[in-house]
Amino acid sequence: NLLASLIDIKKAFLELDPEDQVLLRLRHHENATLQEIAAHLECAVSTADRRCTNALRRLQEKLGGDTPFR
C-alpha cells in the first residue's frame, strides 16, 4: 500500500549519507536546477549532475529496485 511504500522510501532515504540526502532534497524536493546545485557544491554542472544521479541510484539500490542508470 501507499503508506508502507512511503515509509520504506523514508527509511531508505535516512540510511543515505547526509550529502546524498542534501542532493536529493535539493533536486527532487526543492526543484533546484543543476546550476544551483553546482553553485551550492562549488563544482561544475556536470559534476553536480553525476553526483545527483549517483545519489538517486544509491537510494534506488537501498529500495531493492533495478536502476535505469549506468
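In this convention, every chain numbers its residues from 1, walking through the sequence in written order. Thresholds applied to this predicted model are a pLDDT of at least 70 for local features of residues and 80 or more for the giving and counting of side-chain atom pairs; totals over whole chains, interfaces and linings are not thresholded and use all residues. Side-chain measures here rest on the full set of heavy atoms in the structure, leaving out hydrogens and waters.

### Overview of unusual backbone geometry
Rules: By definition, any uninterrupted DSSP run of H or I lasting at least four residues is a helix, any uninterrupted run of E lasting at least two residues is a strand, and each is numbered from the N terminus.
Positioned with a positive phi, Asn31 is a non-glycine residue whose angle comes to about 55 degrees. Tracing the backbone through its elements, the reader meets Asn31 in the loop between α2 (18-29) and α3 (34-41). In this model, Glu42 sits at a positive phi of 55 degrees, which is unusual for a non-glycine residue. Here Glu42 is to be found in the loop between α3 and α4 (45-62).

### Quick word on the nonpolar core
Formally: Buried residues of nine kinds, namely Ala, Val, Leu, Ile, Met, Phe, Trp, Tyr and Cys, make up a nonpolar core once their side-chain atoms join them within 4.5 Å. Buried, partly exposed and exposed residues are distinguished by accessible area as a fraction of the type maximum, computed with a 1.4 Å probe on protein chains only: under 20%, between the cut-offs, and over 50%, respectively. Here a residue-residue contact requires only that any non-hydrogen atoms of the pair lie within 4.5 Å.
Ranked by size, the top nonpolar core spans 14 residues in total, and within it Phe13, Leu16, Leu23, Leu24, Ile37, Cys52 and Leu59 carry the most contacts. Tallying contributions element by element places α4 first for this core, with four residues. The contacts of Ile37, once residues within four sequence positions are left out, are Leu23, Leu26, Arg27, Ala32, Ala48 and Cys52.

### Some words on the pattern of salt bridges
The criterion, for reference: Each reported salt bridge corresponds to a side-chain nitrogen of Lys or Arg within 4 Å of a carboxyl oxygen of Asp or Glu.
If you walk through the whole model with that rule in mind, you get two salt bridges. The residue Glu19 makes a salt bridge to Arg51 at a minimum N-O spacing of 2.2 Å. Of the two residues, Glu19 sits in helix α2 while Arg51 sits in helix α4, which places them 32 residues apart along the sequence. The exposure class of Glu19 is partly exposed, given its relative accessible area of 41%. For Arg51, a relative accessible area of 23% corresponds to the partly exposed category. Between Asp20 and Arg58 there is a salt bridge, with the nearest N and O atoms lying 2.6 Å from each other. Placement of Asp20 in helix α2 and of Arg58 in helix α4 is noted, with a sequence separation of 38 residues between them.

### Observations concerning the side chain of Gln21
Within the secondary structure layout, Gln21 lies in helix α2. For Gln21, a relative accessible area of 13% gives the class buried. Leave out the neighbours within four places in its chain, and Gln21 touches Phe13, Leu14 and Leu16.

That's the geometry; what it means functionally is another story.
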